[in-house]
Amino acid sequence: MRIGELAGLAGVSTRTVRHYHQLGLLPEPVRRANGYREYGLRDAVALARVRRLTELGLGLEEVRDVLADDAGRELREVLTELDADLARQEEALRVRRVRLAELLRRAEEPGGLPEEGPVSEQLAELFGEMARASARLPGPEPAMAAREREVLALLEASGDGRVQGAMAAALREAMAAPGAMERAYAVYGLLDGLVGAAVDDPRVAGAARALVECVPEGAVEAVAAGAGGTTDFGPGAEFWAELMVAELAPAQVAAVRRAVRMIEERAR
């Protein structure tokens, strides 16, 4: 048989056959005088076995180990490991479907899913509370509210388990405090009001103080610890402050940076 005939018999491409030769999964056959490979029944059987093993989910390195063990013991071990791996994948899929079901449920509720999503359940609760608070207020939602949601979603996605735990605790604290959301939206309004203002405008200091008063202790510990560098919780406060102030008006930048300095002092 020529390589095209062998590949067609096994249901693979000729490129796959050549790749298996390069990896040593399929031995090189004898060649004719004209240089063409000449395949036989044994080659077809070997190629079909490689295909069956890969269809089970084995990687090519695992297939090589199976083929190298004439006694067949390695095949049993690899198949046992493969079964355990598939069980882990099934559990991961189950968890993902539970999460998707929760997101679909939220999509049917008033306000739907946040544009910044998907996010954790804690963050989704906070964003939902923000949407309800905004709906109670006259006029459009402050631009700073939307920006804060973007940064919170990024902070959650970029942290490890510890920072996510700290974030969850901080969010619970922020939501539990009476009137916390109303105070937060008042701060958003103060910051929005600084667009076009000078950096020495007296409102800058007032907005900074109001911003600090809205930050719960859990967030101070998670974000401000070791400000200016990378900590056990991830990037420090200055990193997130710079991210927050990107594209803001100068007076808004001044207010946020002043608030960060105050948070650092509060955290010491």
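Structure: above.
Source: prediction; values computed, not measured.

Colleague: Just checking my understanding: could you explain the packing of aromatic side chains for this structure?
Modeller: What characterises a pair of aromatic rings is the spacing of the ring centres plus the angle enclosed by the ring planes. Taken as a whole and judged by the stated rule, the model has one aromatic pair. A centroid spacing of 5.0 Å and a plane angle of 80° characterise the contact between Tyr185 and Tyr188, whose relative ring orientation is edge-to-face. Of this pair, Tyr185 and Tyr188 both sit in helix H9 (residues 180–192), three residues apart, roughly one helical turn. The same class applies to Tyr185 and to Tyr188, which are both buried. Of note, Arg2 hangs over the ring of Tyr36, and the distance from its end group to the ring centre comes to 4.2 Å.

Colleague: I keep staring at a negative patch on the surface and nothing clicks. Help me out?
Modeller: Residues Glu62, Asp65, Glu77 and Glu81 make up a contiguous surface patch of negative charge. Elements supplying a minimum of two residues to the negative patch: helix H4 (60–68) and helix H5 (73–107). Its location among the elements puts Glu81 in helix H5.

Colleague: Just checking my understanding: could you explain the packing of helix H3 (residues 41–55) against H4 for this structure?
Modeller: The geometry of a pair of packed helices is captured by two quantities: the angle between their axes and the separation between those axes. Contact geometry for H3 and H4: axes closest at 10 Å, N-to-C directions at 130°. Here H4 runs oblique to H3, going by the angle between their axes. Our pair here, H3 against H4, has a crossing hand that is right-handed. Residues Arg49, Val50, Leu53 and Thr54 of H3 touch H4, and the partners they reach there are Leu60, Val63, Val66 and Leu67. Of the residues assigned to the contact of H3 with H4, the class counts are six nonpolar, one polar and one charged.

Conventions adopted
- Residues numbered from 1 in each chain as written.
- Predicted model: local features only at pLDDT ≥ 70, side-chain atom pairs only at ≥ 80, totals over all residues.
- Heavy atoms only, no water.
- Phe/Tyr/Trp six-rings, centres within 6.5 Å; stacked < 30°, edge-to-face > 60°.
- Helix = DSSP H or I, 4+ residues; strand = E, 2+ residues; numbered from the N terminus.
- Buried < 20%, exposed > 50% of the residue type's maximum accessible area, 1.4 Å probe, protein only.
- Lys NZ or Arg CZ within 6 Å of the ring centre and 35° of its normal.
- Patch = residues over 30% accessible without salt bridge, like charges linked within 9 Å, V, L, I, M, F, W, Y side chains within 5 Å.
- Areas by Shrake-Rupley, 256 points an atom, 1.4 Å probe, with all protein chains shown as cover.
- Salt bridge = Lys/Arg side-chain N within 4 Å of Asp/Glu carboxyl O.
- Lys, Arg positive; Asp, Glu negative; His and termini not counted.
- Charge placed at Lys NZ, Arg CZ, Asp CG, Glu CD.
- Axes fitted to C-alpha atoms, helices over the stretch in contact; angles between N-to-C directions.
- Parallel < 35°, antiparallel > 145°, perpendicular 65-115°, else oblique.
- Left-handed = near helix turned anticlockwise from the far one by under 90°.
- Contact = heavy atoms within 4.5 Å.
- Nonpolar A, V, L, I, M, F, W, Y, C, P; charged D, E, K, R; others polar.

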